[in-house]
Amino acid sequence: MMFKNNSRTKQITGMVYSGLLATIAGCMTLPASAQQAHVNPWAPKKIKAFPPVASLTKGVWLKGDLHLHSNHSKDASNNPVAKIVAFSESVGMDYICITDHDNHVNGDVASNTWADPEFKSDSLLLLYGAEWTTTRGHGNVFSAKPYDNQRLYDVRDQRDVAVGAVKKELGIHLSANHPSGKDHFGYSYDMINSIEVWNSAVWPKNADAIMIWDDMLSSGRKLTGRGGSDSHHGAPDSPDKATKNSYQNKVNYVGTPTTWVFATSRTTQAVVDALTNGRVAVSANPYAPRVEFYADLNQDGKMDMMMGDNAKATGKPVKFRIQLTGNTAAGAAYTVNVVKNGNPFQTLQAGGKTPVVEFSDTPEAIGRSYYRIVVEGPATAYPQVPGSASLSGNMIGLSNPICFNFDPNF
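Please explain the packing of aromatic side chains as it appears in this structure.
This structure, assessed with the given rule, holds 19 aromatic pairs. Between F320 and Y371, the ring centres sit 4.6 Å apart and the planes meet at 40°, which makes this aromatic pair tilted. With a gap of 51 residues between them, F320 in strand β13 (residues 318–325) and Y371 in strand β17 (residues 369–376) connect regions that are remote in the sequence. When sorted by exposure, F320 lands in the same class as Y371, which is buried. The ring of Y153 carries the charged tip of R156 above its face, separated from the ring centre by 3.8 Å.

If you want it as structure tokens, here you go:
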């Protein structure tokens, strides 16, 4: 069939062409009412169930040091296990973990530090551990009983998924040591239980570690902050035994800093459990006051949570209490710095025989919130390590966070 090339034909052709373009355009651009808004599958959601908060009274505060080196570490001097144990007992420690470098014995800590006849005490809880010393950084292992450190050492250069699987099978607490700097922790933070936020008496050098801790907390990783002296050098028995590093035992030794745990009992397992759960504070030395941090959820005057705990936010105000317990300076004023979600929130002053201060705030009803405490004030003397106070400055202690809406299954 032939069409005449007249104006009517051109008109029809143009209409068909225009209709076709409109149809195509309509397929390409949906009306606004039909467009699908993006939904982030990982956005904060209401969490249906939280584990119950443990008792605030059925427990005991235990103090210790979680990063120590004996002569089984090749870079230590004048520091046999017996000397560490005796010193720890003399300053009233409740527990310690001697964490010798496992690469110095090719992973065989069990036949060295733990097999040492001096690895014993009648009054001191001795955790089993080692400093996992690798090319990607250092971490400490804490365990209530002997574990196969050789397996963890052997897998050190593998992918994080392989390392994490071994860590899980061993049932150990793995902690990131001095996470910034030369020997930073270069593994996934998803496979650790705690971070060394206060390494040695030199408090100012820990600023980057604190920053990393806040980053992890702000991203939903509820990791415990803990301390460790990282001491290597003991006092020589005679002048001829002295080394160029012997002076360090007077400025940084057992307990600089001291890590306190609120344990359900005086056992090694209870210490590790408290460390994992975050019921932990860190003080400048064994004699410095301990920072205790509590929350009253319904403001009935009874504290319902303490540092390390996690609860559902109600959208209502919460009253928080900070208390310094122990050897506080008479007539001294302590500066209490409140950190919320990684940022300075309030600065308060506390004094008296037992300094206590309170503040209130409303955690977000949906989404995570956390609060932690840093206390500054006059240094507490540590006669056995007299030079440590000058290195810690006015830093007294810190708490772990009280958390709201952190996913327990994260």
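Right, picking up where we left off after that structure.
How should the sheet that holds strand β10 (residues 290–296) be read in this particular structure?
For sheets, the rule is that strands pair by backbone hydrogen bonds, running either parallel or antiparallel. Here we have four strands laid out as an open sheet, ordered β11-β10-β13-β16, and antiparallel in their pairing. The open sheet terminates on both sides in strands that have one partner only, identified here as β11 (305–306) and β16 (356–361). With two bridges connecting them, β10 and β11 associate as antiparallel partners. Bridging from a neighbouring strand, Y294 pairs with M306 of β11.

Just checking my understanding: could you explain the confidence of the model for the protein for this structure?
Fine structural detail should not be taken from predicted coordinates in areas where pLDDT scores are low. Put simply, the protein has an average pLDDT of 93, and 92% of its residues get 70 or more. The weakest mean pLDDT in the protein belongs to helix α1 (residues 7–28) at 49; the strongest belongs to strand β2 (residues 95–98) at 99. This model gives residues 20–27 a pLDDT under 50, and the stretch forms zero contacts once residues within four places in sequence are excluded.

Please explain helix α5 (residues 207–218) as it appears in this structure.
Note: α-helices contain 3.6 residues per turn, so residues at a spacing of three or four share the same orientation. If you check α5, its first and last C-alpha atoms are 16 Å apart, about what 12 residues at 1.5 Å a residue would give, namely 16 Å. Where α5 terminates, the next one or two residues include G220, which has phi positive at roughly 95°.

Explanation requested: helix α6 (residues 268–277) in the structure shown.
Every buried residue of α6 is listed here: T268, A270, V271, V272, A274 and L275. Backbone geometry just downstream of α6 places G278 in the positive-phi region, at approximately 90°.

Whenever I open this one, the pairing of strand β15 (residues 343–350) confuses me. Can you help?
Along a regular strand, successive side chains alternate from one face of the sheet to the other. When strand β14 (residues 334–340) meets β15, the two strands line up antiparallel, connected through seven bridges. In the strand pairing of β15, K340 is matched with N343. The antiparallel pairing of β14 with β15 creates a hairpin that spans two residues between the two strands, and N341 there sits at a positive phi of about 50°.

Rules of the game
Residues numbered from 1 in each chain as written. Predicted model: local features only at pLDDT ≥ 70, side-chain atom pairs only at ≥ 80, totals over all residues. Heavy atoms only, no water. Phe/Tyr/Trp six-rings, centres within 6.5 Å; stacked < 30°, edge-to-face > 60°. Helix = DSSP H or I, 4+ residues; strand = E, 2+ residues; numbered from the N terminus. Buried < 20%, exposed > 50% of the residue type's maximum accessible area, 1.4 Å probe, protein only. Lys NZ or Arg CZ within 6 Å of the ring centre and 35° of its normal. Pairing = 2+ DSSP bridges. pLDDT = per-residue confidence, 0-100. Contact = heavy atoms within 4.5 Å. Expected span 1.5 Å × (residues − 1).

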